[in-house]
Every structure is written in structure tokens, then in C-alpha cells.
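Here is how the chains run, residue by residue.
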Amino acid sequence: MLDGIAFKVAEDAEGVAGAELNSCGREHRPAMTAYTGAVFGNGMVARLVDILASARERGGTALAADEIARVNRTLDNCATTRWAMPSTTLAALLDLVAETLRASPDRDLPSGFLARLDAAAGGQDGPEFLVRTASLLRTSKREGIARFEELPMSVWEAELRFARLRDFSWWVESDEYPTCEEGVLAGVTSEHPHGCPHLLPPLIAELHAALLLDDDARSAASLRSVAPWATPPILRQVLQAASTHLLDAH
């Protein structure tokens, strides 16, 4: 019942928008509801288009192929992302968007999407570019997930993989505490007791992962673009404090 009401409201809103356009003497184009438009405004389709547009601006097709491999690596990073957005589902979504653009080329898409798609496509037809990208995603997935030594971690990957380290930066870099040690301890205990299960285990996992990047200079450089303080000595200090707190206080 509620779904029917919501659909009717969206349908009525679209009709009102169309009437307003027609009353002004402009050609009516089918409007896209806000819910459907979100596919183009945010989420993995929009993010992938933005990543590929940036890659084309920096260096063309070779960089784009690397970025597609990084997207697959990101989607394969943990069980949560594999469950929420498998690579095959993203590829299928790109195909569906391409079908929508071909079927309704005059559809009024959310502001900016077509410009971003044109930037990513680099002169190619937009729907064809999306279909080709979907095919490249599937091919990259079949070829296997690239290791960091084969394909260094990018800055945007580091922002996702080390989001908790980035958020911990304030405790390390703040002038509020006389020493780094005091700041680290304050950060580790800041959510005690009830927030510790949500904060510390993921933070500890990122600390271990960051320490394993020490022999990979290019990936480590991307990490330090996100968390400049994340050198091995400080990472170990935070890791020791977090692990000790979990063992001693819980």
C-alpha cells in the first residue's frame, strides 16, 4: 500500500513538473524520479565514472585499465563489499544504465552525470563506453585480483581501506595533548567501554595492514597521503595501545 502511494506521489510530481515545463513553452522531457536518479548521482556507477574520468585526464586507457582492476580489488576487499556490491552486479548495472540511455536519450538525467560520462568516455559514445567498461570489469575479475606489488594502491583506495586510520589522525596530530603517547591513549580509550567493540577491532586490523605496506613504497606513499603520521613506529605505538586496552580493560 505504501509503495503504491509513493509511486503515485512520484508519478503526480512528474506530471506537475511536465505541466510547468509545457506551460512555459519548453519541450517536455520525461523527468527522472529522485529515487531512480540516485543511480546516476551517487553510488558505484557515479564513483566508477568519476574514477575513470580522472584516469583519462591523467593518462588515458592504460591508467583506466589499472583503475578498473583497483575497483575489482576494492569490491573484493572484504565479505561486506562482496555481499553488498559484487563486481558482476556492478557490471550488470552499467549495462542497464547503457540500455536506459539508449532507450531514452532525451531523459532528463541528474545534473552533471552526462558531463562526467563524456569526460570518462573521451569522445566515445556514452552507452558504448558503459558496455565496454562492464566487459572490462568482468575480464579483470576473471584474470584475478591484483596484488599491491603488481598494482600499487592508489590514494582513493587508501581512503577506503584506511578510513579508521584517517579518522584517528586527530589524536596523533592534535596539539591538545602534551605528547603523542597521551594523544594515542586518549584516542584508543575515547569510546570506552561500549564503543570499543566497534572502534578498536577494525582499527587494529587497519594498523596491521598498514604495517605490511612498509616494503611497498608506492602503496605506502598513498597511505601517507591519507594519514601522513602513519609511519611504522607510530603505527606500532597505536597498535600496542589498542591491543593492550582490549586485553586489559575488556
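For the structure, check the block above.
Quick caveat, the model's predicted, so the values are computed rather than measured. (Residues numbered from 1 in each chain as written. Predicted model: local features only at pLDDT ≥ 70, side-chain atom pairs only at ≥ 80, totals over all residues. Heavy atoms only, no water.)

This part covers the overall build of the protein. Helix and strand counts for the protein stand at 15 helices and 0 strands. For the protein, with 250 residues in total, the buried portion stands at 37%. Residue pairs at least 24 apart in sequence account for 71% of intrachain contacts in the protein once pairs closer than 6 positions are excluded. When the accessible surface of the protein is summed, it comes to about 14200 Å², and 56% of that surface belongs to carbon and sulfur atoms. (Helix = DSSP H or I, 4+ residues; strand = E, 2+ residues; numbered from the N terminus. Buried < 20%, exposed > 50% of the residue type's maximum accessible area, 1.4 Å probe, protein only. Contact = heavy atoms within 4.5 Å. Areas by Shrake-Rupley, 256 points an atom, 1.4 Å probe, with all protein chains shown as cover.)

Glancing now at the layout of surface pockets. Considered as a void within the structure, the largest pocket measures approximately 570 Å³ in volume. Thr 74, Thr 81, Trp 156, Leu 160 and Arg 161 are the residues nearest the centre of the largest pocket, which is lined by 19 residues in total. Elements with a contribution of two residues or more to the lining of the largest pocket: helix H3 (43-58), helix H4 (61-75), helix H5 (79-84), helix H9 (155-161) and helix H10 (163-167). Residue contributions to the lining of the largest pocket peak at 4 residues, all from H9. By residue class, the composition of the lining of the largest pocket is 10 nonpolar, 4 polar and 5 charged. Taken as a whole, the second largest pocket encloses approximately 290 Å³ of empty space. Together, 20 residues line the second largest pocket, and Ala 64, Ala 65, Ile 68, Ala 69 and Leu 136 are the ones closest to its centre. Elements with a contribution of two residues or more to the lining of the second largest pocket: H3, H4 and helix H8 (126-143). Its residues assigned to classes, the lining of the second largest pocket shows 10 nonpolar, 6 polar and 4 charged. (1 Å grid on protein atoms, 1.4 Å probe; cavity = no way out; pocket = protein on both sides within 12 Å on 5 of 7 lines; lining within 4 Å. Points joined across faces, edges and corners; volume = space filled by probe spheres on them. Nonpolar A, V, L, I, M, F, W, Y, C, P; charged D, E, K, R; others polar.)

With that settled, consider H3. Its 16 residues give H3 an end-to-end C-alpha distance of 23 Å, which sits within 8% of 22 Å, the value for a rise of 1.5 Å per residue. Residues of H3 that are buried: Val 45, Ala 46, Leu 48, Val 49, Ile 51, Leu 52, Ala 53 and Ala 55. (Expected span 1.5 Å × (residues − 1).)

Counting residues in hydrophobic clusters, the biggest one holds 29 residues, and the most contacted among them are Val 71, Leu 90, Leu 130 and Leu 137. Going through the elements one at a time, H3, H4, helix H6 (87-103), helix H7 (113-121) and H8 are the ones with two or more residues in this core. Among the elements that take part in this core, H3 stands out by supplying 7 residues, more than any other. Not counting residues within four places of it along the chain, the set of residues in contact with Leu 90 comprises Met 44, Val 45, Leu 48, Val 71, Leu 75, Met 85 and Leu 137. One finds Phe 168, Val 184, Val 188 and Ala 230 within the second-largest nonpolar core, a separate group that totals 26 residues. (Core = buried A, V, L, I, M, F, W, Y, C linked by side-chain atoms within 4.5 Å.)

Below, the discussion takes up the packing of aromatic side chains. When we look at a pair of aromatic rings, we describe it by the centre distance and by the angle of the planes. Within the structure shown, the criterion is met by 5 aromatic pairs. For the ring pair Trp 170 and Tyr 177, a centre distance of 6.4 Å and an interplane angle of 85° mean the geometry is edge-to-face. Since its relative accessible area comes to 24%, Tyr 177 is described here as partly exposed. These aromatic residues form a ring-pair network of at least three members: Trp 170, Trp 171 and Tyr 177. (Phe/Tyr/Trp six-rings, centres within 6.5 Å; stacked < 30°, edge-to-face > 60°.)

Attention now goes to the pattern of salt bridges. Tallying each qualifying case throughout the model produces 9 salt bridges. For the salt bridge of Arg 116 with Asp 50, the shortest nitrogen-to-oxygen distance reads 2.9 Å. Of this pair, Arg 116 sits in helix H7 while Asp 50 is found in helix H3, placing the two residues 66 residues apart along the sequence. With a shortest N-O distance of 3.3 Å, Lys 141 and Asp 76 are connected by a salt bridge. With Lys 141 in helix H8 and Asp 76 in the loop between H4 and H5, the pair connects residues that are 65 residues apart, well separated along the chain. (Salt bridge = Lys/Arg side-chain N within 4 Å of Asp/Glu carboxyl O.)

The analysis is restricted to geometry; functional conclusions fall outside its scope.
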